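Observations on the three-dimensional arrangement
Here's the letter readout for the chains.
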Amino acid sequence: MRYFSIRSLFTGAMFSLWLLVACSTDPVSAPEAQAPPRAGAQVGSSEQTVTLKRAQYLMGTIAEITAVAAHEAMAQEAVTAGFLEIRRLEQLLSTWIETSELSQVNRAAGRERVPVSPETFELLTRAVEMGELTGGAFDITVGPAVRLWKVTEGQRAPSAMELAIAAQYVDYRLIQLDSKNRTVFLSKPGMQIDVGGIGKGYAAERAAAAMQGAGAGGGLVAIAGDFRPFGRRADGTAWPVGLQHPRKRDAVLATLDASDEAVSTSGDYERFFFQNGVRYHHILNPRTLMPARLCQSVTIVAPDATTADALATGVFVMGPVPGLALVERLKLGAVVVDAKGRVTVSSRLRSRVHAAPN
Ligand code: AMP
Ligand code: MG
């Protein structure tokens, strides 16, 4: 069994969210160095399939796409369709791209409504729903605080005064979504939306759909810690997903097999720095605008990747007890590692998650 790390290898000293995908005998190619795919027999069928895997740097990280299809041209088409969809969404949603719809929405804060695409509107609608579901633990208006922390470059904690100023702009209930005219309005000047906690899941979800539209019978979209497998691998089995150990770099905490559902992990090891022995990371508690302190990592298994991504971030902030209660109420799955490293698996996942022999 071979493990492929999914997260960017370019992140230098930062530990990244290395969820690891176990790819057993699939004839996959190395990132961008596509070895000619060979046929793999589907279990229980005489049908021949081709498995193709490619990686691209998108949405600030490595996106990896694997497609299983009847022949190579179809597999190529499916992988390309997946990447094109992610790229298209990045252009709409990235706040690093000045011309993106979200950048326009942010610039118009407190001034005017901005008409947006159906995709941007859908994502923001889901994000606001997730804000409600998590009691505000998930809040895409944390943008001004995310900028203050700049955990990757800043390497210093902002002052209490800076955070108090940013706090005035953080409240997802101040996002006005007009579904009739498909417009977005941020009611206060200075507000900034940041979809870092939900956008990759949304993109993975839509990329998987695009791949299916292009004829892939099975596939896996992996954007950093957001995994969206569908169908089966060439040998007829589900897709094994390894959950990164939050404190042991390159080690797997546990594995689970997944298909036609999504697995997302949020962790404090993904982007962080230490100051005076304290770990400061990128998942902020919207109430304090300080890094959330109750978990080391949260994995969510949900029917779609948008929900999984947002809830992984939201449950991380909520903490193990209320977070797991929410997961049980929603009939979803979770693996929560608390601040002391204790692991809790939600009821629906208990028979599916296997601890890795570390
Ligand atoms: P994830 O890796 O999916 O947990 O997303 C983390 C990213 O989401 C951060 O880098 C921020 O851009 C953003 N973020 C941080 N805290 C929150 C929060 N409480 N709610 C929503 N998004 C957040
Ligand atoms: Mg997330």
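One can find the structure itself at the top, above this paragraph.
Cut-offs used in this document
Residues numbered from 1 in each chain as written. Chains lettered and ligands numbered in written order. Predicted model: local features only at pLDDT ≥ 70, side-chain atom pairs only at ≥ 80, totals over all residues. Heavy atoms only, no water. Donors = N, O, S within 2.8 Å, 3.2 Å for Na, K, Ca; no water. Helix = DSSP H or I, 4+ residues; strand = E, 2+ residues; numbered from the N terminus. Buried < 20%, exposed > 50% of the residue type's maximum accessible area, 1.4 Å probe, protein only. Expected span 1.5 Å × (residues − 1). Polar contact = N/O pair within 3.5 Å; in protein donor to acceptor, adjacent residues only side chain to side chain. Near = heavy atom within 4 Å. Areas by Shrake-Rupley, 256 points an atom, 1.4 Å probe, with all protein chains shown as cover. Core = buried A, V, L, I, M, F, W, Y, C linked by side-chain atoms within 4.5 Å. Contact = heavy atoms within 4.5 Å. Salt bridge = Lys/Arg side-chain N within 4 Å of Asp/Glu carboxyl O. Axes fitted to C-alpha atoms, helices over the stretch in contact; angles between N-to-C directions. Left-handed = near helix turned anticlockwise from the far one by under 90°. Nonpolar A, V, L, I, M, F, W, Y, C, P; charged D, E, K, R; others polar.

Distances from the magnesium ion (ligand 2) to its protein donors, Gly 197 (O), Asp 309 (O), Asp 309 (OD) and Thr 313 (OG1), fall at 2.0 to 2.4 Å. On the primary sequence, the residues serving as donors to the magnesium ion (ligand 2) are separated as G-x111-D-x3-T. With Gly 197 in the loop between strand S8 (183-186) and helix H6 (199-213) and Thr 313 in helix H7 (residues 305-318), this pair connects stretches of sequence that are 116 residues apart. On the basis of relative accessible area, Gly 197 is assigned to the buried category, the value being 16%. Take Thr 313: its relative accessible area is 14%, and that puts it in the buried class.

Let's shift gears to H7. Taking 1.5 Å of rise per residue, the 14 residues of H7 would be expected to cover 20 Å, and the 19 Å separating its terminal C-alpha atoms lies within 8% of that figure. With 14 of 14 residues buried, H7 is to be regarded as a mostly interior element. You can read the cap of H7 off the contacts: a side-chain oxygen lies 3.1 Å from the backbone nitrogen of Thr 306, and it is on Asp 304. In the stretch just after H7, Gly 319 is the one whose phi turns positive, near 95 degrees.

Taken together, 18 residues lie near ligand 1, and Asp 139, Asp 194, Ser 266, Leu 284 and Thr 313 sit nearest. Between ligand 1 and Asp 139, the relevant distance is 2.9 Å, taken from a nitrogen atom to a main-chain nitrogen or oxygen of the residue. Between ligand 1 and Thr 313 there is a distance of 2.7 Å, counted from an oxygen atom to a side-chain nitrogen or oxygen. Coverage of ligand 1 by the protein chains reaches 96% of its 500 Å² of free accessible surface.

Attention now moves to the nonpolar core. Core analysis: the biggest nonpolar cluster contains 73 residues, and Ile 86, Ile 140, Ile 175, Ile 193, Val 195, Val 221 and Ile 300 have the highest contact counts within it. Discounting residues that sit within four places of it in the chain, Ile 140 has contacts with Leu 124, Ala 127, Ile 175, Gln 192, Ile 193, Asp 194, Val 195 and Ile 198. Val 68, Ala 222, Val 263 and Val 301 belong to the second-largest nonpolar core, a separate cluster that totals 19 residues.

Attention now moves to the pattern of salt bridges. This model, assessed by the stated rule, comprises 18 salt bridges. For the salt bridge of Arg 348 with Glu 328, the shortest nitrogen-to-oxygen distance reads 3.5 Å. Residue Arg 348 is located in the loop between strand S18 (343-345) and strand S19 (354-355), and its partner Glu 328 is located in helix H8 (residues 320-329); the two are separated by 20 residues in the primary sequence. By relative accessible area, Arg 348 is classed as partly exposed at 41%. Here the residues in one salt-bridge network are Glu 85, Arg 88, Glu 119, Glu 122 and Arg 206, joined through shared partners.

Where helix H1 (residues 72-93) contacts H6, the two axes come as close as 8 Å, and the packing angle between them is 145 degrees. Crossing of H1 against H6: the hand is right-handed. Only Tyr 202, Ala 203, Arg 206, Ala 207, Ala 210 and Met 211 of H6 make contact with H1, whose side of the interface consists of Ala 78, Ala 81, Gly 82, Glu 85, Ile 86, Arg 88, Leu 89 and Leu 93. When the residues that make up the contact of H1 with H6 are grouped by side-chain class, the tally is 10 nonpolar, one polar and three charged.

Structural measurements only, silent on function.
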